[in-house]
Amino acid sequence: MAKPSKSSSKTIYVLNGPNLNLLGTREPETYGHASLIDVEKLCTRTAADFGLVVDCRQSNREGELIDFIHQAKTENAAGIVINGAGYSHTSIAIHDALEAVKIPTIEVHISNVYAREPFRHHSFIAQAAIASLTGFGIDGYRLAIIGLAAKIGAKAKA
């Protein structure tokens with residue numbers, strides 16, 4: 001993957017799918033006690049360490065997530081971090097949108113999907129991503145941003 005030109009955006013879209021608005025209260029034994037606001041703060045701090053900014057969005061609707069992906073292309077985003085939640089395992093349309101925009105993408109899952117029900121072991125999103133992180137809790141978002149920063153050539157601030 002080529003490094004972005006100097007005119008490229010320094011924005012990483014952080015997209016969260018269905019039910020992630022309930023983080024902190026939904027199945028805390030699986031997803032922990034951190035809220036979506038905590039995730040967004042973590043992403044903002046991590047991106048800032050590399051001179052990047054994040055645009056955090058959440059939707060329970062598949063089409064809206066696809067619109068966000070298309071907007072990332074229009075806005076010349078440097079990368080996408082996506083937790084497609086249940087759509088990861090079902091949405092060919094999100095896969096196709098990610099393939100179409102050709103933006104470096106990292107998939108994140110808070111839980112280890114491979115230690116859960118068999119239907120969660122396949123991800124259409126993973127097939128369109130440069131990497132997938134599962135099971136690190138919300139720290140997976142931080143790791144994804146660090147990985148994207150390295151991929152696009154962003155250097156940590158001194």
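Scoring rules and cut-offs
Per chain, residues are indexed from 1 in the order of the written sequence. The predicted nature of this model means local features are confined to residues of pLDDT at least 70 and side-chain atom pairs, given and counted, to a pLDDT of 80 or more, with totals for whole chains, interfaces and linings taken over all residues. The side-chain numbers reported here are obtained from all heavy atoms of the structure, hydrogens and water having been left aside. Elements are defined by DSSP. Helices are runs of H or I of four residues or more, strands are runs of E of two residues or more, and each kind is numbered from the N terminus. Only heavy atoms matter for contacts: two residues are in contact if any of them lie within 4.5 Å across the pair. Here the Shrake-Rupley method, with its probe set to 1.4 Å, supplies the accessible areas, and only the displayed protein chains count as covering residues. Two strands pair under a simple rule: DSSP has to find at least two bridges between them. In this analysis an axis means a line fitted to C-alpha atoms, helices contributing only their contacting stretch, and an angle means the value between N-to-C directions, from 0 to 180 degrees. Summary of the burial criterion: residues with accessible area below 20% of their type's maximum are buried, those above 50% are exposed, and those between are partly exposed, where the area comes from a 1.4 Å probe applied to protein chains only. Taking the helix axis as origin, the arc is that swept by the directions to the C-beta atoms. Pairing of N or O atoms within 3.5 Å defines a polar contact, subject to two protein rules: one partner must be a possible hydrogen donor and the other a possible acceptor, and residues neighboring in sequence count only if both atoms are side-chain atoms.

Asks: How do you make sense of the overall build of the protein chain when you look at a structure like this?
Replies: Broken down by element type, the protein chain carries five helices and five strands. Each helix (α) and strand (β) of the protein chain, taken in turn from the N terminus, gives the series β-α-α-β-α-β-α-β-β-α. A separation of at least 24 residues holds for 78% of the contacts in the protein chain among residues at least 6 apart in sequence. As displayed, the protein chain offers around 7,700 Å² of accessible surface, 54% of which is attributable to carbon and sulfur atoms.

Asks: Would you mind showing me how to read the sheet that holds strand β3 (residues 79–83) here?
Replies: Hydrogen bonds along the backbone pair up the strands of a sheet, which may run parallel or antiparallel. In spatial order, the strands read β2-β1-β3-β4-β5; together these five strands make up an open sheet with parallel pairing. In this open sheet, the two edge strands, each paired with only one partner strand, are β2 (53–58) and β5 (131–134). Ignoring strand direction, the axes of neighbouring strands in this sheet form an average angle of 20°. In the sheet, strand β1 (residues 11–16) pairs with β3 via five bridges, with the strands oriented parallel.

Asks: So what exactly am I meant to see when it comes to helix α4 (residues 92–101) here?
Replies: Considered for burial, the residues of α4 that qualify are Ile94, His95, Ala97, Leu98 and Val101. Projected down its long axis, α4 shows its buried positions confined to an angular sector of 160°, all on one face. Against α3 (62–74), β3 and β4 (105–109) lie the buried residues of α4. Where α4 begins, one side-chain oxygen reaches toward the backbone nitrogen of Ala93, 3.4 Å away; that side chain belongs to Ser91. A positive phi of about 55° marks Lys102, the residue just after α4.

Asks: So what exactly am I meant to see when it comes to the environment of Arg57 here?
Replies: Within the secondary structure layout, Arg57 lies in strand β2. Arg57 sits in the buried class, given a relative accessible area of 16%. Arg57 sits 25 residues away from Ile82 along the chain, and the two C-alpha atoms are 9.7 Å apart. In contact with Arg57, not counting residues within four places along its chain, are Tyr13, Val14, Leu15, Asn16, Phe68 and Gln71. Of the polar contacts made by the side chain of Arg57, one reaches the side chain of Gln71; its length is 2.6 Å.

Everything listed is a geometric property; what it means functionally is a separate question.
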